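# Residue-level structural notes
Now for the letters of each chain:
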Amino acid sequence: MRTIQQQLKKWMKANKVMYRANKHKKERKQKRSKERFTERELKELMGIHRPVYRRAKGGAFRQR
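Our focus in this paragraph is the overall build of the protein. For the protein, the helix and strand inventory stands at 2 helices and 2 strands. Taking all 64 residues of the protein together, the buried fraction comes to 3%. Carbon and sulfur atoms make up 51% of the accessible area of the protein, which totals about 8100 Å².

It is worth spelling out the pattern of salt bridges at this point. One pass over the structure, following the stated rule, counts 1 salt bridge. Note that Lys43 and Glu39 form a salt bridge whose closest N and O atoms lie 3.4 Å from each other. Taken as a pair, Lys43 and Glu39 lie in helix H2 (residues 39–46) at a separation of 4 residues, close to a single helical turn. What makes Glu39 exposed here is its relative accessible area of 57%.

Moving on to helix H1 (residues 4–15). Between the first and last C-alpha of H1 there are 16 Å, a value that for 12 residues agrees with the 16 Å anticipated at 1.5 Å per step. Lys16 sits one or two positions beyond H1 and adopts a positive phi of about 55°.

Take the environment of Arg62 next. Tracing the backbone through its elements, the reader meets Arg62 in strand E2 (residues 61–63). Along the backbone, Arg62 and Val52 are 10 residues apart, and their C-alpha atoms lie at a distance of 8.3 Å. Beyond its immediate stretch of four places on either side in the chain, Arg62 contacts Val52, Tyr53, Arg54 and Ala56.

Another point: H2. Sparse coverage of H2 is indicated by the burial of 0 of its 8 residues. Looking one or two residues beyond H2, the residue adopting positive phi is Gly47, at roughly 85°.

Together, Phe37, Leu42, Leu45, Met46 and Ile48 make up an exposed nonpolar region whose accessible area comes to about 530 Å². Mapped onto the fold, Met46 is located in helix H2. According to the relative accessible area criterion, Met46 is exposed, its value standing at 61%.

Rules used throughout
- Residues numbered from 1 in each chain as written.
- Predicted model: local features only at pLDDT ≥ 70, side-chain atom pairs only at ≥ 80, totals over all residues.
- Heavy atoms only, no water.
- Helix = DSSP H or I, 4+ residues; strand = E, 2+ residues; numbered from the N terminus.
- Buried < 20%, exposed > 50% of the residue type's maximum accessible area, 1.4 Å probe, protein only.
- Areas by Shrake-Rupley, 256 points an atom, 1.4 Å probe, with all protein chains shown as cover.
- Salt bridge = Lys/Arg side-chain N within 4 Å of Asp/Glu carboxyl O.
- Expected span 1.5 Å × (residues − 1).
- Contact = heavy atoms within 4.5 Å.
- Patch = residues over 30% accessible without salt bridge, like charges linked within 9 Å, V, L, I, M, F, W, Y side chains within 5 Å.

In structure tokens:
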């Protein structure tokens, strides 16, 4: 049984396909700029400054 690469080479020769993979060429990843958040922005994202509602007597929602 042949490997897939050997089968591919044989098929390419039979179909006269010219293809060469660049094995040595490396693609460089673009560096993403890191987002800097202030402490206030982080707290806002976490929801610290939002109103808090809890169940009170009788099952009603009340703001704490």
